[in-house]
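Architecture at a glance
Listed below, chain by chain, are the residues.
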Amino acid sequence: MTSVNNNKSVLVSIRCLVYNHENFIRQCLDGFVMQKTDFRFEAVVHDDASTDNSAQIIKEYAEKYPDIIKPIFETENQYSKHDGSLRHIFNSACHGKYIALCEGDDYWTDPYKLQKQISFLENNPEYGVAYSSYETVDLVGNKIIYPPSKIYLSRSRSGDIFLDLLKGNFPQTLTVVYRKDAFDDSLCPPYSYDYTLFLNLSLNTKFYFFPDILGCYRINPNGMMQTNALAYVDTVRIQLFFLKEYFQHKEYRRPIPEDRKIVSFMVECCCGFHYYIKYKDLFWAIIKSRPYLILKLPRGLFEARKRHKRSLSKNQ
């Protein structure tokens, strides 16, 4: 690859988050530096105050591949703050028109991964995201059958997948490349999670699915997504946040058949009384944007609401 020092010539920025990935990070970085492309790319590798030798390995690769590996070393863990700081750090460090994702314990296996995805996106501007099939491996790299991945891959398809994503996340992060300008910075709920990123993108653009296997997802019981991430992510709140945005802004409106399906999903999501109590602010924000929706909600929900109010007044 030709060395070019001007950041503006970078077409793709790889966003790589690393935390205590000493046993995996070489394989991950090898997947970056082996990419064969006709454009320049960079890998912004963010070590989030690892306590093992991850930072030393990253420094080694940065010295060997200075035109590709762009390291960031933290002295304080940013991920645990859950305040959007990681997003801001990566946004300021990534110079590409496109963003590719891969965390430090996953890896790419196809040397033409970026070339395939970027060639498609460059020639098909109506698509803003490309993702692909993948294999699942264990801690030592053995291929394994992971039932959730089989379900996720069965749901993967090309086109408008906003409603599909509302029903549950399924693109595997390590396979995703997206057009940076397809991301709407104004739609950032207070959750640092890839599910919010994909929902954000799906409001504005179409996704393209490559059936090719382009990388490997590692089941790491000590990884961030297997430990503390799911403890704080509130899936229903995320879904309601993006439903609110959808109903409030006409530019997101889908054709009538798809819009009706989204309305039906909203009703299913909101009609449980325990959901109503927990998310009533988001609930009413959605209703105010389309008042007729109140007619679609089950009568029992409002009867339960009255009973709840009466019980509260008795206890005061």
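Bear in mind that the values here come from a model prediction, so they are computed numbers and not experimental data. (Residues numbered from 1 in each chain as written. Predicted model: local features only at pLDDT ≥ 70, side-chain atom pairs only at ≥ 80, totals over all residues. Heavy atoms only, no water.)

**Remarks on the overall build of the protein chain**
For clarity, the threshold we go by: Helix and strand definitions here come from DSSP, where helices need a minimum of 4 consecutive H or I residues and strands a minimum of 2 consecutive E residues; each element is numbered from the N-terminal end. Accessible area is worked out with a 1.4 Å probe on protein chains only. A residue is then buried under 20% of its type maximum, exposed over 50%, and partly exposed in between. By definition in these notes, contact holds between two residues if any of their heavy atoms fall within 4.5 Å. We get accessible surface area from the Shrake-Rupley algorithm with a probe of 1.4 Å; when it comes to residues, only the shown protein chains can shield them.
Scanning the protein chain from terminus to terminus reveals 13 helices and 8 strands. Counting over 316 residues, the protein chain shows a buried share of 53%. The long-range share in the protein chain, meaning contacts at least 24 apart out of those at least 6 apart in sequence, stands at 80%. Carbon and sulfur atoms provide 51% of the accessible area of the protein chain, an area that totals close to 15100 Å².

**Quick word on the pairing of strand E8 (residues 206–218)**
Condition: Paired strands, in this sense, are two strands between which DSSP finds at least two bridges.
In the sheet, strand E5 (residues 107–108) pairs with E8 via 2 bridges, with the strands oriented antiparallel. For Trp108, the partnering residue across the bridge sits in E8 and is Gly215. Looking at chain direction, strand E6 (residues 127–137) and E8 are connected through 9 bridges and run parallel. Looking at the pairing, Thr136 lines up with Tyr217 of E8.

**What to know about unusual backbone geometry**
Unlike most non-glycine residues, Asn20 shows phi in positive territory, near 50°. Residue placement: Asn20 occurs in the loop between strand E1 (10–18) and helix H1 (25–33). Phi is positive for Ala49, which is not a glycine, with a value near 60°. Topologically, Ala49 is positioned in the loop between strand E2 (40–47) and helix H2 (54–64). Looking at Ala49, the relative accessible area reads 17%, which means it is buried.

**Description of the confidence of the model for the protein chain**
Applicable threshold: Known as pLDDT, the predictor's per-residue confidence is scaled from 0 to 100.
Per-chain confidence: the protein chain averages 87 in pLDDT, with 85% of residues scoring 70 or above. Segment residues 1–6 is flagged for pLDDT under 50; beyond a separation of four residues in sequence, or across chains, it makes 11 contacts in the model. Within the model, the stretch residues 225–232 combines pLDDT values under 50 with 19 contacts to residues more than four positions away or in other chains.

**Comments concerning the packing of helix H9 (residues 235–248) against helix H12 (residues 280–289)**
How two helices pack is summed up by the angle between their axes together with the distance between the axes. The criterion, for reference: Axis angles are defined between N-to-C directions and span 0 to 180 degrees, where every axis is a line fitted to C-alpha atoms and, for a helix, only to the segment in contact. Our angle categories are set so that under 35 degrees counts as roughly parallel, over 145 as roughly antiparallel, 65 to 115 as roughly perpendicular, and the remainder as oblique. Two helices that cross are described as forming a left-handed crossing if the nearer one is turned anticlockwise from the farther one by less than a right angle, and a right-handed crossing if clockwise. Residue polarity follows a fixed list, in which Ala, Val, Leu, Ile, Met, Phe, Trp, Tyr, Cys and Pro are nonpolar, Asp, Glu, Lys and Arg are charged, and the others, Gly among them, are polar.
Relative to each other, H9 and H12 sit at 20°, their axes nearing to 9 Å. When the axis of H9 is compared with that of H12, the two are roughly parallel. With respect to the hand of their crossing, H9 and H12 are arranged in left-handed fashion. Residues Arg237, Leu240, Phe241, Leu243, Lys244, Phe247 and Gln248 of H9 pack against Leu282, Ala285, Ile286 and Ser289 of H12. Partitioned by chemical class, the residues of the contact of H9 with H12 number 7 nonpolar, 2 polar and 2 charged.

**Re the environment of Arg26**
For clarity, the cut-off: Polar contacts here mean pairs of N or O atoms no more than 3.5 Å apart (in protein, one a potential hydrogen donor and the other a potential acceptor; neighbouring residues in sequence count only if both atoms are side-chain atoms).
Among the secondary structure elements, Arg26 is positioned in helix H1. For the pair Arg26 and Glu60, spaced 34 residues apart in sequence, the C-alpha to C-alpha distance is 10.0 Å. A distance of 2.9 Å separates polar atoms of two side chains, one belonging to Arg26 and the other to Glu60.

**Quick notes on the pattern of salt bridges**
Our working rule: Each reported salt bridge corresponds to a side-chain nitrogen of Lys or Arg within 4 Å of a carboxyl oxygen of Asp or Glu.
Evaluated as defined, the whole model comprises 10 salt bridges. The partner of Glu60 in a salt bridge is Arg26, with the nearest N and O atoms 2.9 Å apart. One end of the pair, Glu60, is in helix H2; the other, Arg26, is in helix H1, with 34 residues separating them in the sequence. Looking at Glu60, the relative accessible area reads 38%, which means it is partly exposed. Where Arg157 meets Asp164, a salt bridge forms, and the shortest distance between an N and an O atom there is 2.9 Å. What makes Asp164 buried here is its relative accessible area of 18%. Three or more residues joined by partner-sharing salt bridges are found here, namely Asp110, Lys116 and Asp212.

**A look at the nonpolar core**
Note the cut-off: Nonpolar cores are built from buried Ala, Val, Leu, Ile, Met, Phe, Trp, Tyr and Cys residues. Side-chain atoms within 4.5 Å join them into one set.
Core analysis: the largest hydrophobic core is formed by 54 residues, its most contacted members being Tyr178, Leu243 and Phe247. In terms of residue count, H9 provides more of this core than any other element does, 8 residues in total. When near neighbours in sequence (up to four residues on either side) are disregarded, Phe247 contacts Arg253, Ile262, Val263, Met266, Ile286, Ser289, Arg290 and Leu293.

**Digging into the side chain of Arg40**
Threshold: Two residue types count as positive, namely Lys and Arg, and two as negative, namely Asp and Glu; His and chain ends fall outside the count.
Structurally, Arg40 can be placed in strand E2. It turns out Arg40 is buried and unbridged, and the closest side chain with the opposite charge, Asp67, is 4.6 Å from it. Separated by 3.3 Å, the side chain of Arg40 and the backbone oxygen of Asp67 make a polar contact.

**So, the packing of aromatic side chains**
What counts here: Pairing of aromatic side chains requires ring centres within 6.5 Å, counting the rings of Phe and Tyr and the six-membered ring of Trp. Pairs whose planes differ by under 30 degrees are stacked, by over 60 edge-to-face, and all others tilted. In this scheme, Lys NZ or Arg CZ marks a charge over a ring once it lies within 6 Å of the ring centre and within 35 degrees of the ring normal.
All told, the structure shown has 16 aromatic pairs when counted by the stated rule. Centroid distance Tyr131 to Phe207: 6.0 Å. Interplanar angle 75°. Geometry classified as edge-to-face. Here Tyr131 is found in strand E6, whereas its partner Phe207 is found in strand E8, with 76 residues between them in sequence. Owing to a relative accessible area of 0%, Phe207 belongs among the buried residues under this scheme. On the basis of an interplanar angle of 90° and a centroid distance of 6.4 Å, the ring pair of Tyr134 and Tyr217 is categorised as edge-to-face. Placement of Tyr134 in strand E6 and of Tyr217 in strand E8 is noted, with a sequence separation of 83 residues between them. Taking relative accessible area as the criterion, Tyr217 reaches 12% and is therefore assigned buried. Grouping aromatic residues by their ring pairs yields a cluster made of Phe120, Tyr127, Tyr208 and Phe210. Cation over ring: Lys59 sits above Phe73, and NZ or CZ is 5.3 Å from the ring centre. The side chain of Lys206 reaches across the aromatic face of Tyr127, ending 4.6 Å from its centre.

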